[in-house]
Amino acid sequence: MEHTRLNEHLEKFLHFSPEELFSLSEHIKVVPLVKNGLFLKEGEVCTSIAFVNKGVLTYYKTLDNGDEVTTDFAFEGEWVTNNLSRLNVIPSHLNIKAMEDAELLVINHADLQNLYVSFPRLERLGRILMEQAYIRLVQLSIDLQTLSATERYIKLLHTYPEILQRVPLYHIANYLGIAPKSLSRIRKTLFTKD
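Description of the structure in this document.

Cut-offs used in this document
Residues numbered from 1 in each chain as written. Predicted model: local features only at pLDDT ≥ 70, side-chain atom pairs only at ≥ 80, totals over all residues. Heavy atoms only, no water. Buried < 20%, exposed > 50% of the residue type's maximum accessible area, 1.4 Å probe, protein only. Helix = DSSP H or I, 4+ residues; strand = E, 2+ residues; numbered from the N terminus. Contact = heavy atoms within 4.5 Å. Pairing = 2+ DSSP bridges. Axes fitted to C-alpha atoms, helices over the stretch in contact; angles between N-to-C directions. Parallel < 35°, antiparallel > 145°, perpendicular 65-115°, else oblique. Nonpolar A, V, L, I, M, F, W, Y, C, P; charged D, E, K, R; others polar. Phe/Tyr/Trp six-rings, centres within 6.5 Å; stacked < 30°, edge-to-face > 60°. Salt bridge = Lys/Arg side-chain N within 4 Å of Asp/Glu carboxyl O.

## Description of helix H8 (residues 169–176)
Then, number 1: Most of H8 is tucked away, with 6 of its 8 residues classed as buried.
Then, number 2: Taken together, the buried positions of H8 are His171, Ile172, Ala173, Asn174, Tyr175 and Leu176.
Then, number 3: Buried residues along H8 sit in contact with strand S4 (57–62), strand S5 (68–74), helix H5 (120–146), helix H6 (149–159), helix H7 (163–166) and helix H9 (180–191).
Then, number 4: Gly177 lies just past H8 and shows a positive phi near 80 degrees.

Here's what the structure looks like:
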């Protein structure tokens, strides 16, 4: 099975032998998700990790009043999972949903653990990806406490230039921790400066 985008992504970190890439591909399941389809449902234990081959997903929690709190996004070339649920084998406190039709390359957690034993370089990659996920969480926490809503919005646009075309403004505002009206004001201010 050919996974060009995934192979290119892996090569950014480490060089893998054809045998390692073949073994990995043998454990990958291509999973299409339609728009609004769930990769993970709140209350279920996360049992896999997935590479986003196509599409964009959002992490969100549903509050008791039915409102959704958007906590993160995953675009092409990024990984999607709930490490807290997957590694501790506990129910997920989040949903992970496709914002548009998506294609995921999914690896079951148990298969991943076996691959780590067979191929130490893959385990090293796993460590690198976990370190990146941790750094991302720390940076998000720092940004929420130290940057203004406008600064967080600008940073989000820099990280995901295509987000405005692919994710509803409601989710963007929610992720930034502001009301949609506040986001409209920020956008108006930024885009009318000349």
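## Overview of the sheet that holds strand S2 (residues 38–40)
Hydrogen bonds along the backbone pair up the strands of a sheet, which may run parallel or antiparallel.
Then, number 1: The 4 strands lie next to each other as S2-S7-S4-S5, forming an open sheet whose pairing is antiparallel. Single-partner strands in this sheet number two, and they are S2 and S5. This sheet shows a mean twist of 30 degrees between the axes of neighbouring strands, independent of strand direction.
Then, number 2: Two elements, S2 and strand S7 (residues 95–98), share 2 bridges in a ladder whose sense is antiparallel. Among the inter-strand pairings, Leu40 is bridged to a residue of S7, identified as Ile96.
Then, number 3: Contacts from H8 reach S4 and S5, with the element oriented near 95 degrees to S5.

## Quick look at the packing of helix H4 (residues 109–118) against H5
Then, number 1: Orientation of H4 relative to H5, taken along the N-to-C sense of each, is 125 degrees, at an axis distance of 5 Å. Judged by the inter-axis angle, H4 sits oblique to H5. In this structure, H4 uses Leu115, Tyr116, Val117 and Ser118 to contact H5, whose residues at the interface are Pro120, Leu122, Glu123 and Gly126.
Then, number 2: For the contact of H4 with H5, the residue count by class is 5 nonpolar, 2 polar and 1 charged.

## Focus: the packing of aromatic side chains
Then, number 1: One pass over the structure, following the stated rule, counts 3 aromatic pairs.
Then, number 2: Aromatic side chains Phe73 and Tyr175 sit 5.0 Å apart centroid to centroid with 55 degrees between the ring planes, which places their arrangement in the tilted category. Of this pair, Phe73 sits in strand S5 while Tyr175 sits in helix H8, and the two are 102 residues apart along the sequence.
Then, number 3: Using a relative accessible area of 2% as the deciding quantity, one classes Phe73 as buried.
Then, number 4: Residue Tyr175 is classed as buried on the basis of its relative accessible area, which comes to 16%.
Then, number 5: For the ring pair Phe75 and Tyr160, a centre distance of 4.3 Å and an interplane angle of 20 degrees mean the geometry is stacked. Of the two residues, Phe75 is situated in the loop between S5 and strand S6 (79–80) and Tyr160 in the loop between H6 and H7; the sequence distance between them amounts to 85 residues.
Then, number 6: We classify Tyr160 as buried; its relative accessible area is 5%.

## Side note on the pattern of salt bridges
Then, number 1: For the structure shown, the criterion picks out 8 salt bridges.
Then, number 2: One salt bridge connects Glu20 with Arg121, and the closest N-O pair in it is separated by 3.1 Å. On the criterion of sequence distance, the pair formed by Glu20 in helix H2 (residues 18–26) and Arg121 in helix H5 is long-range, its members being 101 residues apart.
Then, number 3: Owing to a relative accessible area of 6%, Glu20 belongs among the buried residues under this scheme.
Then, number 4: Judged by its relative accessible area of 34%, Arg121 is partly exposed.
Then, number 5: Where salt bridges share partners, they join Glu76, Glu100, Glu162 and Arg166 into one cluster.

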